[in-house]
Structures are given as structure tokens and as C-alpha cells.
Amino acid sequence: MNVIPCSIKTLKRLYDISGVEVGQHFYWQIGGLQIHAQVLITSWVVIAILLGSVIIAVRNPQTIPTDGQNFFEYVLEFIRDLSKTQIGEEYGPWVPFIGTMFLFIFVSNWSGALLPWKIIQLPHGELAAPTNDINTTVALALPTSAAYFYAGLTKKGLGYFGKYIQPTPILLPINILEDFTKPLSLSFRLFGNILADELVVVVLVSLVPSVVPIPVMLLGLFTSGIQALIFATLAAAYIGESMEGHH
């Protein structure tokens, strides 16, 4: 006999979820400049976490490394191996760029699941992971595009543009379009996956609050880490491709 009340309660929860407004933003107006405050706040929190962690871990390097020093040395080795695999022997100058992208995206993604952003009330909208906003993912994809153009031009000079007519000039429009789709695919892939993860968690927690949260959060942490790895791997692969001229 309790089936009908439970069904009504479930429908009410679904109705409440459907009523959530998507795309509300909180802006700061500084002179004639409008600043997206949500992304700025959460991005600076992520940057502070990264800088604070590094400073604490390596402020006093030991001959016999501490646990924190060991961890950051492992992360550095991982990023170096990733860069070398995708870029080749000239990977050295690109390790800081690839590492910065990977660490910022990784911590940003995890912050969406681990940090209690929602307890901070804003006049409009709410705080979430920086990568949950298309502005952030586009801002990460555009420097990646600039990086592989710079890498190709530095290595080959103006001869770099010869790739657009390879293997035949007929493919010129397609090859040009490919360079425009790379940043789009990077930004929308990251944004879409992080947004989808957070929406799934919100929906499931609203429907089954006592059962779902922990397993779903753990799955979200795993997929968030994978998304950071995919972005960094593709960024390094694009740079390596522009330097070597292979596909």
C-alpha cells in the first residue's frame, strides 16, 4: 500500500531535478569588464592547492625522500614518460606544459567530487569544478592549439604549412578543418564528461540518497582522472605530430 506514496515522492524528486536552472552564472563587473566569478574563484582554489602541495612536499628536499617527495617525484616521472612517449626525444621543453595541463585538470576534476563547493552561497548560480564550465575547457584547449603550431613552426619553419597539402592538395580544406576541430574536440570532450559525471551524481543522490553516493563518487573520481590523462595525452600527441609530421 506504500507503493503509491513512494511513487509520488520519486516523481516529486524528478520534478525538483527538472526544475534546476542550468547556466546561471555569477559575474563581477570591474569597469567595463565582466568577469566570470565562479570559474575564477574555483580555479584559484585549485591553483592554491597545487602550489601549497608542492611547497610543502619539496621545501626541504631530502637525500632519503619523504613520502610527499616520493609522490611528487613519481608524478614527475609519469609526466616525463607520457611526454616522451607522445612527443619523442625532443620532449624535454614540453614537460612543464604537459604537466601543468595534466595536474590542473586532474585536481580540478577531483575538486568537483571532494570539495564541498555547494556550502558557499552565491547571489546567482553555484560553485563547481572549474572544468565543469566550457569557459575553462576552451581556455585550456586554445593554448594547446597554440603550442602545437609553435612546435611545428619552430622545428620546420614555414615548411610546416606544407602538411596541409599532404598527401595531395585536394585535402587542403580537410587538413585545415582538422586543426580547427582539435581544440573543439578537446574542450567539448572534457566539459561534456565532467558535466555528465556531476549531473549523474546529482540525479542518483536525489533519488537514492542512502545507497548510491559513495560508489558513484568513486567511479566519478576514476573517470575524472582518466579525462585528465586523455587531455594531456592528446595535447602531447598533437605537439609530437606537428614536430614529426606523421599521423
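Going by the structure above, here's the rest.
Residues numbered from 1 in each chain as written. Predicted model: local features only at pLDDT ≥ 70, side-chain atom pairs only at ≥ 80, totals over all residues. Heavy atoms only, no water.

Asker: What is the right way to read the overall build of the protein chain from this model?
Answerer: Counting secondary structure elements, the protein chain contains seven helices and two strands. Written out in order from the N terminus, the α and β elements of the protein chain read α-β-β-α-α-α-α-α-α. In the protein chain, which comprises 247 residues, the share counted as buried stands at 32%. When contacts within the protein chain are restricted to residue pairs at least 6 apart in sequence, those whose partners lie at least 24 apart make up 67%. Accessible surface computed for the protein chain: about 15,000 Å², of which carbon and sulfur atoms make up 71%. (Helix = DSSP H or I, 4+ residues; strand = E, 2+ residues; numbered from the N terminus. Buried < 20%, exposed > 50% of the residue type's maximum accessible area, 1.4 Å probe, protein only. Contact = heavy atoms within 4.5 Å. Areas by Shrake-Rupley, 256 points an atom, 1.4 Å probe, with all protein chains shown as cover.)

Asker: Help me understand helix α4 (residues 95-114), please; the structure alone is not making it clear to me.
Answerer: In an α-helix there are 3.6 residues to a turn, and that puts residues three or four apart on one side. When the terminal C-alpha atoms of α4 are compared, their 27 Å separation across 20 residues agrees well with the 28 Å that a helix rising 1.5 Å per residue should span. Residues of α4 that are buried: V95, I98, G99, M101, F102, F104, I105, V107, S108, N109 and S111. (Expected span 1.5 Å × (residues − 1).)

Asker: What am I meant to see in the pattern of salt bridges here?
Answerer: Note that side chains of opposite charge can pair when their charged atoms are close. Counting across every chain of the model gives four salt bridges. E77 is paired through a salt bridge with R80; the nearest N and O atoms lie 3.4 Å apart. In this pair, E77 and R80 both sit in helix α3 (residues 67-87), three residues apart, roughly one turn of the helix. You can call E77 partly exposed: its relative accessible area is 38%. (Salt bridge = Lys/Arg side-chain N within 4 Å of Asp/Glu carboxyl O.)

Asker: Help me out: how do you make sense of the packing of helix α2 (residues 37-58) against α3 in this one?
Answerer: When two helices pack together, their arrangement is given by the angle between their axes and by how far apart the axes lie. α3 packs onto α2 with a crossing angle of 120° between their chain directions and a minimal axis gap of 8 Å. For the element pair α2 / α3, the angle class is oblique. For the element pair α2 and α3, the recorded crossing hand is left-handed. Contact residues: α2 offers S53, V54 and A57, while α3 offers G68, Q69 and F72. A per-class count over the contact of α2 with α3 returns three nonpolar, three polar and no charged. (Axes fitted to C-alpha atoms, helices over the stretch in contact; angles between N-to-C directions. Parallel < 35°, antiparallel > 145°, perpendicular 65-115°, else oblique. Left-handed = near helix turned anticlockwise from the far one by under 90°. Nonpolar A, V, L, I, M, F, W, Y, C, P; charged D, E, K, R; others polar.)

Asker: Teacher, can you tell me more about the packing of aromatic side chains here?
Answerer: Between two aromatic rings, the relevant description is the distance of the centres plus the angle of the planes. Under the defined criterion, the tally for this structure stands at eight aromatic pairs. Aromatic pair W94 and Y150: ring centres 6.3 Å apart, planes at 70°, arrangement edge-to-face. Within this pair, whereas W94 is found in the loop between α3 and α4, its partner Y150 is found in helix α5 (residues 134-156), the two being separated by 56 residues in sequence. The rings of F78, F102, F106 and W110 are connected pair by pair, giving a single aromatic cluster. Positioned over the ring face of Y148 is K182, at 5.0 Å from the centre of the ring. The ring of Y238 carries K182 above its face, with NZ or CZ at 4.7 Å from the centroid. (Phe/Tyr/Trp six-rings, centres within 6.5 Å; stacked < 30°, edge-to-face > 60°. Lys NZ or Arg CZ within 6 Å of the ring centre and 35° of its normal.)

Asker: I'm lost on a nonpolar patch on the surface in this one. Help?
Answerer: Where nonpolar side chains cluster on the molecular surface, the patch consists of W28, I30, L33, L40 and W44 and spans about 520 Å² of accessible area. Mapped onto the nonpolar patch, the elements with two or more residues apiece are β1 (27-30) and α2. Turning to its location among the elements, L33 is positioned in strand β2 (residues 33-36). Here L33 falls in the exposed class, since its relative accessible area comes to 52%. (Patch = residues over 30% accessible without salt bridge, like charges linked within 9 Å, V, L, I, M, F, W, Y side chains within 5 Å.)

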